[in-house]
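# Tertiary structure, described
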Amino acid sequence: MTPDESVFLRAARGEPVSHTPVWFMRQAGRSLPEYRKVREGVGMLESCMDPELVVEITMQPVRRYGVDAAIFFSDIVLPLKAVGVDLDIVAGVGPVVARPVRTLADVAAIPDLTPEHVPFVTEAVGGLVRELGGTPLIGFAGAPFTVASYLVEGGPSKDHARTKAMMFGEPELWDALMRKIAGIAAAYLEVQVRAGASAVQLFDSWAGALSPRDYAELVMPHSAAVLERAGTLGVPRIHFGVGTSNLLGLMGEAGADVVGVDWRTPLASAIEVVGDRAVQGNLDPTLVFAPTQVMLARAADILDAGRAARGHVFNLGHGVLPSTDPDQLARLTEFVQGYQVRDGQEA
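Since this is a predicted model, take the numbers as computed values, not measurements.

Structurally, K180 can be placed in helix α10 (residues 171-195). A distance of 2.7 Å separates the side chain of K180 from the backbone oxygen of I110, its partner in a polar contact. Here D112 takes part through its side chain, which lies 3.0 Å from a polar atom of the side chain of K180. In contact with K180, not counting residues within four places along its chain, are V107, I110, P111 and D112.

See the structure below:
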């Protein structure tokens, strides 16, 4: 079987499937002892730039769980680091930018990304495609609003006050910054797809901080530009945001083939909003800490609801938490892949 025939890509395209495909955001990460072992003494960005390490880390959950897709091991801010932005990922804090963006000159100083900036990505994706065989690889990039927030705030923010001040008060600067980031994100996804990735996910961690009006007018056009360029490559596009119950329809309209749904929104409600698109999600990540039967009962509810969508990819409603028991994810994967919906037909 080729990746193109995989149950994951068939579901993403809205085609019939033998079972609901499953993968987990942050499935390669701190919940895995083998991940902690290979990352010992290696910084996050350094590990993302080591092709052999990227291949190993990306493959770990595929080997352990037998999930239906792999997600490329990277970080939202890696493309910025690759083009020369002075930043680092600080343990316990997150991405920290040495000189936050304040002026048009600051934006102009950020180079556009080319394949020559990320040869390690091309090498890693090529290695992964060879190892994965028929299992598809999902490429990954941060969405313009979330990446812009890191650049403007200088690091993580709870209220995104500086970001919104620029967005509302300096529209020319905001537009220039978002266009710059959108170009970088699109180029980064293109590198991954041309090297062999079978789908892409655009991840908007902070979009939930926006109202529908502000998202539609000031953010959505830039996410749409990224997704449009990815669409020319012929791969399914997943668009996911956190706390975006009020934005799901717009996120679909931005150009998503699959709309990611976090755990705060009932999947049935999300399906009604996104229309003729596939959905991804959306088990609460903390349910893996509940008794197994409780977790599986909730998963069954989601699988049943997913039948109403054009296609459904099972996932958590956000990333795997670091203290998650890998054995619980193994049980969850096995359950999803073998699940028969309650009317007796296959999911």
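Now that the structure is up, let's keep going.
Attention now goes to the pattern of salt bridges. Taken as a whole and assessed by the stated rule, the structure comprises 13 salt bridges. E15 is the partner of R10 in a salt bridge, and the nearest nitrogen-oxygen pair spans 3.4 Å. Assessed through its relative accessible area of 28%, R10 is described here as partly exposed. In this structure, the salt-bridge partner of E190 is R229, at a minimum N-O distance of 2.9 Å. A residue pair is termed long-range when its members are at least 10 positions apart, and E190 in helix α10 and R229 in helix α11 (residues 212-231) qualify at 39 residues. What makes R229 partly exposed here is its relative accessible area of 32%.

A few words now on α10. For α10, which comprises 25 residues, the first-to-last C-alpha distance of 36 Å matches the rise-based estimate of 36 Å (1.5 Å per residue) to within 8%. Counting buried positions along α10 yields 18 of 25 residues, so the element is predominantly enclosed. Just downstream of α10 lies G196, where phi reads positive at about 135 degrees.

Before going further, it helps to spend a moment on the sheet that holds strand β4 (residues 137-142). Taken in spatial order, the seven strands of this open sheet run β1-β4-β5-β6-β7-β8-β9, and their pairing is parallel. Each edge of the open sheet is held by one strand with a lone partner, namely β1 (70-71) and β9 (312-316). Against the sheet, α10 touches β4 and β5 (199-204), its axis set at about 165 degrees to β4.

A word on unusual backbone geometry. With an omega of -5 degrees, the peptide bond between G281 and N282 qualifies as cis. Residue placement: N282 occurs in strand β8 (residues 278-283). We note that R26 has phi near 60 degrees; this positive angle belongs to a residue other than glycine. Along the chain, R26 falls in the loop between α1 (7-12) and α2 (33-39). Positioned with a positive phi, H160 is a non-glycine residue whose angle comes to about 55 degrees. Note that H160 resides in the loop between α8 (144-153) and α9 (161-169).

The subject of this paragraph is a negative patch on the surface. A cluster of acidic side chains, namely E46, D50, E52 and E123, defines a negative patch on the protein surface. Within the secondary structure, D50 sits in the loop between α3 (44-48) and α4 (51-65).

Our focus in this paragraph is the packing of α10 against α11. Axis separation between α10 and α11 bottoms out at 8 Å; the angle between their running directions is 25 degrees. Here α10 is positioned roughly parallel relative to α11, judged by the angle of their axes. The hand of the α10/α11 crossing is right-handed. Mapping the contact onto sequence places W174, D175, M178, R179, A182, G183, A185, A186, A187, L189 and E190 in α10 and L218, V219, H222, V226 and R229 in α11. For the contact of α10 with α11, the residue count by class is 10 nonpolar, two polar and four charged.

All right, on to the environment of V62 then. Counting through the fold element by element, V62 comes out in helix α4. Residue classification places V62 among the buried positions, given a relative accessible area of 13%. Separated by 98 residues in the primary sequence, V62 and H160 have C-alpha atoms spaced 36 Å apart. Beyond its immediate chain neighbours, meaning those up to four positions away, V62 contacts V67, A70, L132 and T135.

Quantified by volume, the largest pocket comes out at close to 1,400 Å³. Around the largest pocket sit 44 residues that line it, and R26, R30, M44, D75 and I89 are the ones nearest its centre. Mapped by element, the contributors of at least two residues to the lining of the largest pocket are α2, β2 (87-90), β3 (94-97) and β5. Looking at the lining of the largest pocket element by element, the count peaks at three residues for α2. By residue class, the composition of the lining of the largest pocket is 26 nonpolar, 12 polar and six charged.

The description of two aromatic rings rests on the distance between their centres and on the angle between their planes. Summed over all chains, the structure comprises seven aromatic pairs. Between Y150 and W206, the aromatic rings sit 6.3 Å apart at their centres with planes inclined by 65 degrees, giving edge-to-face as the arrangement. Linking Y150 in helix α8 with W206 in the loop between β5 and α11, this pair joins segments that are 56 residues apart in sequence. On the basis of relative accessible area, W206 is assigned to the partly exposed category, the value being 25%. A connected cluster of aromatic rings, assembled from ring pairs, spans F140, F203 and F240. Its end group placed over the ring of W263, R264 keeps NZ or CZ at 4.0 Å from the ring centre.

So, how was this worked out
- Residues numbered from 1 in each chain as written.
- Predicted model: local features only at pLDDT ≥ 70, side-chain atom pairs only at ≥ 80, totals over all residues.
- Heavy atoms only, no water.
- Helix = DSSP H or I, 4+ residues; strand = E, 2+ residues; numbered from the N terminus.
- Polar contact = N/O pair within 3.5 Å; in protein donor to acceptor, adjacent residues only side chain to side chain.
- Contact = heavy atoms within 4.5 Å.
- Salt bridge = Lys/Arg side-chain N within 4 Å of Asp/Glu carboxyl O.
- Buried < 20%, exposed > 50% of the residue type's maximum accessible area, 1.4 Å probe, protein only.
- Expected span 1.5 Å × (residues − 1).
- Pairing = 2+ DSSP bridges.
- Axes fitted to C-alpha atoms, helices over the stretch in contact; angles between N-to-C directions.
- Patch = residues over 30% accessible without salt bridge, like charges linked within 9 Å, V, L, I, M, F, W, Y side chains within 5 Å.
- Areas by Shrake-Rupley, 256 points an atom, 1.4 Å probe, with all protein chains shown as cover.
- Lys, Arg positive; Asp, Glu negative; His and termini not counted.
- Charge placed at Lys NZ, Arg CZ, Asp CG, Glu CD.
- Parallel < 35°, antiparallel > 145°, perpendicular 65-115°, else oblique.
- Left-handed = near helix turned anticlockwise from the far one by under 90°.
- Nonpolar A, V, L, I, M, F, W, Y, C, P; charged D, E, K, R; others polar.
- 1 Å grid on protein atoms, 1.4 Å probe; cavity = no way out; pocket = protein on both sides within 12 Å on 5 of 7 lines; lining within 4 Å.
- Points joined across faces, edges and corners; volume = space filled by probe spheres on them.
- Phe/Tyr/Trp six-rings, centres within 6.5 Å; stacked < 30°, edge-to-face > 60°.
- Lys NZ or Arg CZ within 6 Å of the ring centre and 35° of its normal.

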